Amino acid sequence: MNFSVRAGADDFSVRATDEFRRSLSLRSDLVGQINDVSSWSVGATVAEIKGLNEGLSSEEQRYGIEMAYRRALTRDWIMVARYQHSTILNSDEADRRANTIPLGIERSFDTRF
């Protein structure tokens, strides 16, 4: 079983609307191996985003959880099933919540440059 925590340092960006934004995020993941071909993971994310333009001081908090199941189909191909829940709290707009269940196939490969 593995546990990791990633923190995003202050990140400044400019959107297409010329709005300057600052964001700070923290993500934590817990990963476990079920057997030789399958694994699971649970993750959580917390982020805060602030608008920095004069007169446009919007603030946003984002919270998310994700659960995933991975199963190797071959040496290079992996099936991934996820459940994701996200909540966005915004000072200028209505709060938003979303639940998604994506199912996908991923391929890993190595390349030399």
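Refer to the structure presented above.
An account of the accompanying structure is given in this report. (Residues numbered from 1 in each chain as written. Predicted model: local features only at pLDDT ≥ 70, side-chain atom pairs only at ≥ 80, totals over all residues. Heavy atoms only, no water.)

**Let's talk about the environment of Ile-34**
Here is step 1 of the chain: Looking at the element boundaries, Ile-34 is found in the loop between strand S2 (20–33) and strand S3 (38–51).
Here is step 2 of the chain: Excluding its chain neighbours within four sequence positions, the residues that come into contact with Ile-34 are Ser-39, Trp-40 and Tyr-69. (Helix = DSSP H or I, 4+ residues; strand = E, 2+ residues; numbered from the N terminus. Contact = heavy atoms within 4.5 Å.)

**Points about the pattern of salt bridges**
Here is step 1 of the chain: Counted according to the given criterion, the structure contains 6 salt bridges.
Here is step 2 of the chain: Of the charged contacts, one joins Arg-62 and Glu-60 as a salt bridge, the two residues approaching to 2.6 Å between their closest N and O atoms.
Here is step 3 of the chain: By relative accessible area, which is 8% here, Glu-60 ends up buried.
Here is step 4 of the chain: Note that Glu-93 and Arg-96 form a salt bridge whose closest N and O atoms lie 3.3 Å from each other.
Here is step 5 of the chain: Judged by relative accessible area, Glu-93 falls into the partly exposed class, the value being 47%.
Here is step 6 of the chain: Taking relative accessible area as the criterion, Arg-96 reaches 38% and is therefore assigned partly exposed.
Here is step 7 of the chain: Connected through shared salt-bridge partners, Glu-66, Arg-82 and Glu-106 make up one network. (Salt bridge = Lys/Arg side-chain N within 4 Å of Asp/Glu carboxyl O. Buried < 20%, exposed > 50% of the residue type's maximum accessible area, 1.4 Å probe, protein only.)

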